[in-house]
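So you can see what is in the structure, the chains are spelled out below.
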Amino acid sequence: MNIISTNPNVMHWILYAKPWNCSKLWEKLKGAGSIARGHCDKWNQHSKPSAPKMDWITEEDRGEFLKMFPSLVKELKSDKMLYGHSDVAERFGKFLEHTVPHGKLLNSLTFVAFYKLIEDPARLTPQNVHLSMILGWCVQLLVTVFTVSDDMIDFSETRRGRRCWHLLEDVGMSAINDVMFVKSGIFSILRNHLRDHHCYLPTMELFQRYIGQLAMGQTNDTISMVKVDLLDQNTFNIDNYKATIKFKAGLLFSFPLHLAMHLSSKRDYKLLKQVDEIFIKIGSYFQSQVRNNT
């Protein structure tokens, strides 16, 4: 099954990544169909990318997804294993409200879209779609772990049109600990909703692996910026740059597909291996050209 070619709207998003020079990428995606090729030819005429149109995700889908967030916040705040003190739970709730349900929600909504695309239609029950949205919020929590950390490292002032969490009154460097709470919250949700599911262990391992790889990308980015400041041109080069964007952003584009495969009844790991490199390149292009993809 070619999951890329089955939906031209997904292809619309994929080929957006490198609109003016996507011929090489196209060679790897020949099965995607003439509609997508028409988009490719059209975009090659432009010198700059426009904002991505997430038209494979409806406003209804986004609305249903956002409606789930308050219940997940309530679930996390009531987890006595994590937040046994009411003051801690209230602070964590404020942190979640301020940092999580904003922006494009690109990675989380992409995961939900991929799951619906590749799952057997007979298994697309309301319960399974609901579960996919819960996992979608786990994806968004993962993104939050790294965006909040990145804001502190880069001395950023705003994120998604809001003042960065660490700059709020009475927060400061304690935001480091708040990030640890978010990371713990991901695995709390997975435990609560997937404990008896066939994908529980693979999903846990997937999140753990990507957390480590994304952290490596962030570290490489930080080291590279120091080298730039020191004008160390012998060690800061295009290879370092490619490694940074691969592990810092590229993996976030392959992650939704991996997670969708784990949740679905069609776990085609051979297909994953074939498209993984492409999605990492797409994420790398996206990071290079778009200021904020979260």
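Residues numbered from 1 in each chain as written. Predicted model: local features only at pLDDT ≥ 70, side-chain atom pairs only at ≥ 80, totals over all residues. Heavy atoms only, no water.

A. Representation of the overall build of the protein. Along the protein, the regular secondary structure elements total 12 helices and 2 strands. Counting helices and strands in the order they occur from the N terminus, the protein gives α-α-α-α-α-α-α-α-β-β-α-α-α-α. Taking the intrachain contacts of the protein between residues at least 6 apart in sequence as the baseline, contacts between residues at least 24 apart amount to 76%. Total accessible area on the protein is roughly 14,700 Å²; 54% of this is exposed by carbon and sulfur atoms. (Helix = DSSP H or I, 4+ residues; strand = E, 2+ residues; numbered from the N terminus. Contact = heavy atoms within 4.5 Å. Areas by Shrake-Rupley, 256 points an atom, 1.4 Å probe, with all protein chains shown as cover.)

B. Structural detail: unusual backbone geometry. Of note, the phi angle at Leu-105 is positive, near 55°, even though the residue is not glycine. Of note in this structure, Phe-155 is not a glycine but carries a positive phi near 55°. Of note, Phe-155 is situated in the loop between helix H8 (126-153) and strand S1 (158-159). Taking relative accessible area as the criterion, Phe-155 reaches 71% and is therefore assigned exposed. (Buried < 20%, exposed > 50% of the residue type's maximum accessible area, 1.4 Å probe, protein only.)

C. Structural context of the nonpolar core. Residues Leu-96, Leu-190 and Phe-207 are the most contacted members of the largest nonpolar core, which totals 68 residues. Residues Leu-106, Phe-253, Ile-278 and Phe-286 belong to the second largest nonpolar core, which totals 5 residues. (Core = buried A, V, L, I, M, F, W, Y, C linked by side-chain atoms within 4.5 Å.)

D. Geometry of helix H5 (residues 69-77). Taken together, the buried positions of H5 are occupied by Phe-69, Leu-72, Val-73, Glu-75 and Leu-76. The arc that holds every buried residue of H5, seen down its axis, measures 160°, which confines them to one face. At its buried positions, H5 is contacted by helix H4 (59-67), helix H6 (86-99), H8 and helix H9 (175-194). (Arc of directions from axis to C-beta.)

E. Local environment of the pattern of salt bridges. Evaluation of the coordinates by the stated rule reveals 8 salt bridges. With a shortest N-O distance of 3.6 Å, Arg-159 and Asp-150 are connected by a salt bridge. A residue is classified by how much of its surface remains accessible, and Asp-150, at 10% relative accessible area, is buried. When the shortest N-O distance is used, the salt bridge between Asp-151 and Arg-159 registers 2.8 Å. (Salt bridge = Lys/Arg side-chain N within 4 Å of Asp/Glu carboxyl O.)

F. Spotlight on the packing of H5 against H6. The N-to-C vectors of H5 and H6 enclose an angle of 150°; their axes lie 9 Å apart at closest approach. Here H6 runs roughly antiparallel to H5, going by the angle between their axes. Where H5 crosses over H6, the handedness of that crossing is right-handed. Along its contact with H5, which presents Phe-69, Val-73, Leu-76 and Lys-77, the element H6 presents Ala-89, Glu-90, Phe-92, Gly-93, Leu-96 and Glu-97. For the contact of H5 with H6, a count of residues per class yields 6 nonpolar, 1 polar and 3 charged. (Axes fitted to C-alpha atoms, helices over the stretch in contact; angles between N-to-C directions. Parallel < 35°, antiparallel > 145°, perpendicular 65-115°, else oblique. Left-handed = near helix turned anticlockwise from the far one by under 90°. Nonpolar A, V, L, I, M, F, W, Y, C, P; charged D, E, K, R; others polar.)

G. The arrangement of the packing of aromatic side chains in detail. As enumerated under the stated definition, the model contains 7 aromatic pairs in all. On the numbers, 5.0 Å between centres and 80° between planes, the contact of Phe-207 with Phe-255 is edge-to-face. With a gap of 48 residues between them, Phe-207 in helix H10 (residues 200-229) and Phe-255 in helix H11 (residues 238-263) connect regions that are remote in the sequence. Like Phe-255, Phe-207 is buried. On the basis of an interplanar angle of 55° and a centroid distance of 4.7 Å, the ring pair of Tyr-210 and Phe-255 is categorised as tilted. Of this pair, Tyr-210 sits in helix H10 while Phe-255 sits in helix H11, placing them 45 residues apart in sequence. Ring pairing ties together the aromatic residues Phe-92, Phe-95, Trp-165 and Phe-181, which thus form one cluster. (Phe/Tyr/Trp six-rings, centres within 6.5 Å; stacked < 30°, edge-to-face > 60°.)

H. Expanded view of the packing of H6 against H8. Taken N-terminus to C-terminus, the directions of H6 and H8 make an angle of 90°; their axes are 11 Å apart at the nearest point. Relative to H8, the element H6 lies roughly perpendicular. Contact with H6, carried on its side by Phe-95, Leu-96 and Thr-99, involves Leu-141, Thr-144 and Val-148 of H8 and no other residues of that element. Across the contact of H6 with H8, the residue classes break down as 4 nonpolar, 2 polar and no charged.

I. Region of interest: H6. Taking 1.5 Å of rise per residue, the 14 residues of H6 would be expected to cover 20 Å, and the 20 Å separating its terminal C-alpha atoms lies within 8% of that figure. Regarding H6, the residues found buried are Ala-89, Phe-92, Gly-93, Phe-95, Leu-96, His-98 and Thr-99. Check the buried side of H6 and you find it contacts H5, H8, strand S2 (162-163) and H9. (Expected span 1.5 Å × (residues − 1).)

J. Structural context of the environment of Gly-93. Summarising the element assignment, Gly-93 is placed in helix H6. In this structure, the C-alpha to C-alpha distance between Gly-93 and Leu-76, residues 17 residues apart in sequence, is 8.3 Å. Dropping the residues within four chain positions of it, Gly-93 is found in contact with Val-73 and Lys-77.

Function cannot be read off these values alone, since they describe shape.
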